[in-house]
Amino acid sequence: MSDGPEVRPAGGPPSPVPVEALAQSQPVQALDAEAAVALLQREEGGVRRVIRYYIRDHAAEDDVWQEVCLRAVRHLGGITHPAAARGWVYQVARNASMDWLRRCDRAIVRIAPELPEREDASQSGRAPGDGVLTDERIAAVRRALDALPPSQREAIRLRIEEGLDHVQIAERLGINRQAVEVRLCKGRAALRERLSDIFEGDL
Amino acid sequence: MTAMTCPEAEPLLPLVADGAVDPSTDPDLFAHLAACPSCQRIVADHDLIALALRRSAPPAPPRARIITFPRLAAAALVLIAIGVAAIALAAPATAPAAHGLAVHPAEHAPAPAPVAVAPAAPARAPVAAAIPEAAAPTVLRLARTDGSTVFLIRRGDAWVAIDPTQMDGSSTRGQSSANEVPVRW
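Quantities reported herein were computed from a predicted structural model and do not represent experimental measurements.

### A closer look at the packing of helix α5 (residues 150–161) of chain A against helix α4 (residues 37–56) of chain B
Two elements in contact, α5 of chain A and α4 of chain B, have axes whose closest approach is 10 Å; the angle formed by their N-to-C orientations is 80°. In terms of orientation, α5 of chain A lies roughly perpendicular with respect to α4 of chain B. On the side of α5 of chain A, the interface is formed by I156, I160 and E161 of chain A, while α4 of chain B contributes A50, L53 and R54 of chain B. Tallied by class, residues from the contact of α5 of chain A with α4 of chain B come to 4 nonpolar, no polar and 2 charged.

Here's what the structure looks like:
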């Protein structure tokens, strides 16, 4: 999984662009805050759908949506194409959702021993990610990893558990970077295929 | 930008999850992702699998601190340097100190004052003692060879010997009797 680098669009200082320019096919100079807000208003439904893949709590979904809006308004100034802006907003939504889950992970580590078990973890309000990642599912993921070929398993373990980048993994394993990417792609795909059978499409 | 289809995008989705591509490096892929719920779901699955692996990862063993020889040698040199400096500062030095200033013994410790004891009286057994001024108490009780006792009381830089048997009773507090004899140490 990525510690998904936050996208930071390159480019010079933005200049104000009318909202109507977004509908045009030719490239625009840049998006100002007003245009960014208009874009977010159009994309809200799609963005919330992305957030719900990660978070099952409605209150947390609203919080993450607000975070997406803040990040988008702050950084959309360098986007020079509307289609690129939509893809960028998607990435922001994905990053914000994962950041939320990682914050919950840290909270769970601190307070988990004191909290009672609940049947419907998604409604507990304790951790939005718990509705998706139950203990049983986490155990299934670990078993699926153990069932991978050693080369793929080690590459994924180094990438996800130790946080090494592709170059570091290549050095550690004594292979080139392309081989690392191939092992990671195959390993991730194999994991998802094994787990989709277990969770019936609702990971 | 060209529109991408799902069969074209799906092999690249693990790279999206891995962070190997982003909207700046592959705008077509992310434009497709922004509009395709199916591919969004696949990326989310990859992300959640990674999160589950992090949650279930065994804790890393604590790293033992290994002090290598260069560190030991450096630490030893530091200690030696501190010890040498301490010795140099403690001993009186006539040579210039490390900071370039001459150190004069008199500035650090006064020379011990010479001590001498004058006999209290010829008829009495001499009372002699050599007590360094720095260590001298306020009152000393000394026994004579004839068994009598004399007291030495410190008054400033001098000691006064008082023979109780010679006290005439006229002494009041703070005033010496006729038999007080200044004693210089």
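Structure shown, so let's carry the discussion forward.
### Digging into the confidence of the model for chain B
Residues and elements named next belong to chain B. Per-residue confidence for chain B averages 69 on the pLDDT scale, and 54% of its residues sit at or above 70. The secondary structure element of chain B with the lowest average pLDDT is helix α6 (residues 105–108), at 45, and the one with the highest is helix α1 (residues 6–9), at 95. Across residues 111–120, confidence stays below pLDDT 50; counting only partners more than four residues off in sequence or on other chains, it has 18 contacts. Residue range residues 126–134 is modelled with pLDDT below 50. Its contacts to residues more than four positions away, or to other chains, number 19 contacts. As scored by the predictor, the complex reaches a pTM of 0.57 and an ipTM of 0.74.

### Observations regarding the interface of chain B and chain A
Residue-level contacts link 35 residues of chain B with 47 residues of chain A. Both sides together, the interface formed by chain B and chain A hides about 3,900 Å², and carbon and sulfur atoms give 65% of it. For the pair chain B and chain A, the interface holds 4 salt bridges. Between D45 of chain B and R192 of chain A there is a salt bridge, and its shortest N-O distance comes to 2.9 Å. In this structure, the connection of chain B to chain A is made through 12 residue pairs in polar contact (both at pLDDT 80 or more). At the level of elements, α2 (13–18), α3 (27–35) and α4 of chain B are the ones that each hand at least two residues to the side of chain B that touches chain A.

### Describing the side chain of S97 of chain A
Residue and element names in this part refer to chain A. Tracing the sequence through the fold places S97 in helix α3 (residues 82–111). Here the side chain of S97 touches A93 through a polar contact of 2.8 Å, landing on its backbone oxygen. Among residues more than four places away in sequence, those in contact with S97 are I51, Y54, I55 and V64.

### Some remarks on the state of the cysteines
In the structure shown here, the tally under the stated rule is 0 disulfides over all chains. Free of any disulfide, C39 of chain B has its nearest neighbouring cysteine sulfur in C36 of chain B, separated by 3.6 Å.

### Some thoughts on empty space enclosed by the protein
For the structure on display, the rule yields 3 cavities of 30 Å³ or more. Quantified by volume, the largest cavity comes out at close to 60 Å³. Contributing to the lining of the largest cavity are E43, G46, V47, V50, R86, V89, Y90 and A93 of chain A together with A34 and Q40 of chain B. Breaking the lining of the largest cavity down by element, the ones donating at least two residues are α1 (33–54) and α3 of chain A. Looking at the lining of the largest cavity, its residues break down into 6 nonpolar, 2 polar and 2 charged.

Calculation rules
- Residues numbered from 1 in each chain as written.
- Chains lettered and ligands numbered in written order.
- Predicted model: local features only at pLDDT ≥ 70, side-chain atom pairs only at ≥ 80, totals over all residues.
- Heavy atoms only, no water.
- Axes fitted to C-alpha atoms, helices over the stretch in contact; angles between N-to-C directions.
- Helix = DSSP H or I, 4+ residues; strand = E, 2+ residues; numbered from the N terminus.
- Parallel < 35°, antiparallel > 145°, perpendicular 65-115°, else oblique.
- Contact = heavy atoms within 4.5 Å.
- Nonpolar A, V, L, I, M, F, W, Y, C, P; charged D, E, K, R; others polar.
- pLDDT = per-residue confidence, 0-100.
- Buried area = accessible area lost by both parts, 1.4 Å probe.
- Salt bridge = Lys/Arg side-chain N within 4 Å of Asp/Glu carboxyl O.
- Polar contact = N/O pair within 3.5 Å; in protein donor to acceptor, adjacent residues only side chain to side chain.
- Disulfide = S-S within 2.5 Å.
- 1 Å grid on protein atoms, 1.4 Å probe; cavity = no way out; pocket = protein on both sides within 12 Å on 5 of 7 lines; lining within 4 Å.
- Points joined across faces, edges and corners; volume = space filled by probe spheres on them.

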